[in-house]
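Below are the chains, spelled out letter by letter.
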Amino acid sequence: MRATWTLALLPLRQAWVAALLLLLMLVGGVVLALAGGKALYGGGAMLAALALWFAWLLAGTALKGLARKETLLLPEFHRALAGAAALWALLFWLLPCALLTPHFGIRIGWGALGAGALAIAWALLTTSGSRSGFLIWVLIIGARFVPEPLLLAIAPALQNPLLPLAALLLAALILHITWQRLFPAGDPPLPDSPLLAPEPMRRGMGSATSNVPRGKLMQRLNGWSEAGASALLLRQAARYHAAPTPAQQRAMLRALLLPQEQPRGWLVRWLLWGAAIAVYAIAVGQQAQIGMVAGYAMFFAMTGLNVVGLGMPRLQPSLVELYFTLAPQTHAGFKAQLLDSFLGLLPGAILSAFVFTALAALLIAPVALPGIVLTTAILAPPLALATLALYLGLPVNVILRSVVTLITLFGQMGTIWMGYALIERFGALWGGVPVLVVTWSFAIGAWGAARAHWINNPLSFDPPKAKAGA
Amino acid sequence: MGIDATLAAARETELPALSAHALLKSFDGREVLQRLDWEVPAGRVVGLLGRNGAGKTTLLRCLLGLSPLDAGNIEVLGEPMDEPRGQRLHRIGYVPQSFDLFPWMRIGDFLTFTAAFYKRWDSALVERLLGEWQLDRKKKIAALSQGQRQMLAIVRALAPDPDLLVLDEPVASLDPIARRDFLATLIPLMRRPGKTMIFSTHITTDLERVEADIALLRSGRIALQRPLADLRAHFRRAWLSRAGGFSAAPTLDGALDADLVEARAAYVVDLADARMQPALQALAAREDATLQLAPLDLEDLFVALA
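Residues numbered from 1 in each chain as written. Chains lettered and ligands numbered in written order. Predicted model: local features only at pLDDT ≥ 70, side-chain atom pairs only at ≥ 80, totals over all residues.

1. Quick word on the interface of chain A and chain B
Frequently, the measure chosen for interface size is the accessible area that the parts lose on association.
And then number 1: Between chain A and chain B, the residue contacts involve 31 residues of the former and 35 residues of the latter.
And then number 2: Among the secondary structure elements, those contributing two or more residues to the side of chain A that touches chain B are α10 (216–242), α11 (246–257), α14 (307–326) and α15 (331–342) of chain A.
And then number 3: A per-element tally of the side of chain A that touches chain B places α14 of chain A first, with 8 residues. (Contact = placed C-beta atoms within 7 Å. Helix = DSSP H or I, 4+ residues; strand = E, 2+ residues; numbered from the N terminus.)

Here you go:
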């Protein structure tokens with residue numbers, strides 16, 4: 001029983017700050033629903049439902065952390081996990097559905113049971129690192145394009161009392177797939193570079209191997225990109241051997257640490273993200289302002305820079321090897337060499353911004369293409385440098401990291417939209433020049449501060465949480 | 001080789017390869033290195049012994065500048081180790097305890113990348129070792145077993161023909177055949193003028209096989225450093241037995257260890273200490289006991305002293 005409780009409480013212990021916030025959200029939702037009268041009943045229920053769904057995301061993240069074959073060797077692990085799952089299901093699924101029933105009737109309660117099961121399955125699938133979890137967004141976007149007659153035809157089916165049963169069955173299937181994904185029968189995939197910019201969809205999903213594509217097409221694309229990276233590394237090595245200049249050394253270091261930052265890697269990224277942006281652009285169509293969509297596109301182009309913050313701790317054990325290979329004069333020089341190699345991420349991010357924004361413009365408003373390209377040319381380079389600087393300066397503390405990451409993300413979005421709005425409103429000269437001055441000033445300042453912080457701080461060669469001496 | 005170069009090499013072999021003075025290093029309030037002094041003469045093969053958690057890895061990492069010291073001074077290859085100082089690092093080979101390097105790379109790419117940085121790189125040796133140890137250049141490092149990764153780390157460390165080779169439990173993941181191969185390859189390469197090797201290990205038979213000097217790390221200090229031949233010649237287990245047996249081992253000044261085994265008193269003694277033999281005989285006479293001296297192998301010595 002102790003193992004069951006340990007597993008049940010694991011998601012809350014691992015992310016206690018988030019759990020506390022979710023509890024507040026849940027209580028807030030319930031209070032709104034009960035005390036806010038009919039006007040706020042729906043809103044309160046939605047807030048509570050959202051809190052519950054986020055709680056399942058925490059549970060999924062904790063489960064992902066346990067997903068290794070050794071865990072299955074723990075005595076009675078399956079039974080303990082089933083007990084913990086039953087406890088969670090009772091508290092965060094069945095009980096809320098049961099509480100809904102007296103107020104809304106059995107039909108809504110029954111429907112909530114089915115919808116809740118699907119939402120839970122979706123949360124667990126998403127946190128397992130599966131890209132399939134994101135299909136829901138395609139479905140949501142796709143739902144906007146369902147023709148009216150088809151909607152009228154579907155409507156009676158949506159009223160069918162057996163629909164929640166179908167939802168339950170679908171949820172069971174998704175959970176089965178999630179389990180297979182978390183505990184696959186075969187060998188685990190091999191890791192990529194910790195600094196390999198993954199498609200942002202797969203970003204930050206836990207294990208060192210989560211960046212590895214599993215589909216056959218993705219494996220082929222990845223293999224093709226890797227071959228390009230390998231060829232580039234060999235070329236750079238030959239050049240450095242022939243003429244060992246500092247510039248050539250930096251190029252070689254970039255080829256080693258950032259293997260995806262070469263034409264093939266960019267093409268793979270553009271293909272994946274281009275498809276997602278195209279779907280989004282087509283979905284929102286003419287209804288959205290091109291500035292807004294291009295802003296999103298540029299935002300996506302910048303997300304790859306986050307790999308510096310995510311990958312550096314995982315790269316630390318390999319730094320010993322680099323230290324001996326590069327044979328720097330000083331520790332500070334070594335850190336500066338590493339830091340400057342990260343600038344190699346910028347061309348990919350800036351080029352991606354051009355590709356994605358141009359694609360969005362071509363799909364939504366082709367006449368706006370020149371303006372969008374100009375705006376991207378003004379905004380993308382300083383924004384990429386500033387974003388890289390902010391990710392480099394991420395603090396070690398997990399909570400602070402999350403706060404800084406959130407501020408960076410919101411700052412990016414704000415800058416992009418503000419920049420687009422100013423250039424659109426005042427033109428390239430009167431709108432663009434001030435944006436150029438402000439963004440570059442901030443970017444250079446942020447980069448300088450991040451560089452100084454990085455170089456002045458002691459460099460650890462130890463992997464995270466393994467600093468004790470043997 | 002010109003006269004100047006010969007003189008320089010000769011001067012270098014006179015200098016210690018490594019010299020550490022009053023090293024202090026703590027983790028979470030626990031002093032792992034306690035004012036440790038250590039000097040490793042150039043041209044020696046030194047086996048660093050110590051119990052789990054004694055601080056062997058910490059010591060080696062501090063010596064190479066990979067872990068900051070709380071206090072103390074280190075000189076490596078004649079220069080202070082306060083900074084890496086460029087090309088000096090290329091004269092050092094290091095095989096860490098756990099080999100985590102660049103798991104996303106293929107063996108061939110990794111070696112090509114590394115070789116490009118070195119002026120001295122023995123490609124023939126690399127090819128020979130890759131062949132002998134069946135390491136496929138096209139294989140990803142992440143796909144290698146722990147033992148194969150260790151072999152690759154060893155290949156990489158040997159290729160630049162280092163003057164100082166530091167190996168942190170280099171054979172821990174190797175099978176006995178690979179271990180023998182490794183030592184058979186390594187020792188001729190490092191038993192050359194000006195070459196120094198330090199390796200930490202728990203496998204004392206390997207140290208005996210390579211006739212290494214033994215350095216014992218205990219309680220945060222180097223408690224003992226002697227050539228193996230010297231240990232063999234002078235270290236003995238002394239047994240005292242008598243009819244009624246002993247209830248406790250009588251005190252013997254200068255004994256390195258004292259114990260009671262099946263009612264017999266057992267001591268580890270260093271006969272290089274001229275006072276030891278007479279002291280033993282006097283103790284045997286006083287206790288009315290028979291004295292027997294038995295040779296000690298390195299493992300027994302490690303168990304007794306570590």
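On we go from here.
2. Describing the domain arrangement of chain B
Residues and elements named next belong to chain B.
And then number 1: Each assigned domain of chain B is listed with its residue range as follows: domain 1 (3–219) and domain 2 (231–305).
And then number 2: Across the contact, 6 residues belong to domain 1 and 5 residues belong to domain 2.
And then number 3: Tallying contributions element by element places helix α7 (residues 204–209) first for the side of domain 1 that touches domain 2, with 3 residues.
And then number 4: For the side of domain 1 that touches domain 2, a count of residues per class yields 4 nonpolar, 1 polar and 1 charged. (Domains from an automatic or database assignment. Nonpolar A, V, L, I, M, F, W, Y, C, P; charged D, E, K, R; others polar.)

3. Digging into helix α6 (residues 106–127) of chain A
Owing to its 3.6 residues per turn, the α-helix brings residues three or four apart onto one side.
And then number 1: Between the first and last C-alpha of α6 of chain A there are 31 Å, a value that for 22 residues agrees with the 32 Å anticipated at 1.5 Å per step.
And then number 2: Two residues or fewer past α6 of chain A, Gly 129 of chain A is found with a positive phi of approximately 95°. (Expected span 1.5 Å × (residues − 1).)

4. A look at the packing of helix α12 (residues 263–284) of chain A against helix α13 (residues 290–303) of chain A
Residue and element names in this part refer to chain A.
And then number 1: Packing of α12 against α13 leaves a shortest axis separation of 11 Å and a crossing angle of 165°. With respect to α13, the element α12 is oriented roughly antiparallel. Relative to α13, the crossing made by α12 is right-handed. For the pair α12 and α13, contact is made by Trp 273, Ile 277, Ala 281 and Val 284 and by Val 293, Ala 297 and Phe 300, respectively.
And then number 2: Grouping the amino acids of the contact of α12 with α13 by side-chain chemistry returns 7 nonpolar, no polar and no charged. (Axes fitted to C-alpha atoms, helices over the stretch in contact; angles between N-to-C directions. Parallel < 35°, antiparallel > 145°, perpendicular 65-115°, else oblique. Left-handed = near helix turned anticlockwise from the far one by under 90°.)

5. Remarks on the environment of Gly 414 of chain A
And then number 1: With respect to the element layout, Gly 414 of chain A can be found in helix α18 (residues 398–456).
And then number 2: Note on Gly 414 of chain A: 11 C-beta atoms within 10 Å, which makes it exposed. (Buried ≥ 20, exposed ≤ 12 C-beta atoms within 10 Å, placed from the backbone.)

6. Quick look at the sheet that holds strand β6 (residues 92–95) of chain B
Paired through backbone hydrogen bonds, the strands of a sheet run either parallel or antiparallel to each other.
Residue and element names in this part refer to chain B.
And then number 1: Read from one edge to the other, the open sheet built from 6 strands follows the order β6-β7-β8-β3-β9-β10, with strand pairing classed as mixed. Two strands in the sheet have a free side with no partner beyond their single neighbour: β6 and β10 (221–227). Here the strands of the sheet are splayed against their neighbours by 15° on average, with no regard to which way each runs. (Pairing = 2+ DSSP bridges.)

7. What about the domain arrangement of chain A?
And then number 1: Structurally, chain A comprises domain 1 (2–182) and domain 2 (270–456).
And then number 2: On a C-alpha basis, the centres of domain 1 of chain A and domain 2 of chain A stand 34 Å from each other.

8. Considerations on the confidence of the model for chain B
And then number 1: On average, residues of chain B score 88 in pLDDT, and 94% of them are at 70 or above.
And then number 2: For this predicted complex, the interface confidence reaches an ipTM of 0.80, while the overall pTM sits at 0.71. (pLDDT = per-residue confidence, 0-100.)

9. Considering the pairing of strand β3 (residues 45–49) of chain B
All names here are of chain B.
And then number 1: Most of β3 sits inside the fold, with 5 of its 5 residues counted as buried.
And then number 2: Here β3 pairs with strand β8 (residues 196–200) via 4 bridges, running parallel. What sits directly across from Leu 48, in β8, is Ser 200.
And then number 3: Where β3 and strand β9 (residues 213–218) come together, 4 bridges link them in parallel fashion. Bridge pairing in β9 links Leu 49 to Leu 216.

10. Focus on the pairing of strand β13 (residues 264–270) of chain B
Residues and elements named next belong to chain B.
And then number 1: Relative to β13, strand β11 (residues 235–241) runs antiparallel, the two being bridged by 6 bridges. Note that in β13 the partner of Arg 236 across the bridge is Val 269.
And then number 2: Here 5 bridges tie strand β12 (residues 257–261) to β13, and the two strands are oriented antiparallel to one another. The partner of Leu 260 across the bridge, within β13, is Ala 265.
And then number 3: Taken together, β12 and the strand that follows it, β13, pair antiparallel across an intervening segment of 2 residues, in which Glu 262 is found at a positive phi of about 50°.

11. Digging into unusual backbone geometry
Residues apart from glycine generally show negative phi values, whereas peptide bonds are mostly found in trans.
And then number 1: A positive phi is found at Glu 76 of chain A, a non-glycine position, where the angle reads about 60°.
And then number 2: As for its placement among the helices and strands, Glu 76 of chain A is situated in the loop between α4 (69–72) and α5 (77–104).
And then number 3: By C-beta crowding, Glu 76 of chain A is classed as exposed, having 11 other C-beta atoms within 10 Å.
And then number 4: Despite not being glycine, Ala 22 of chain B shows a phi value in the positive range, around 55°.
And then number 5: If you trace the backbone, Ala 22 of chain B turns up in strand β1 (residues 16–27).

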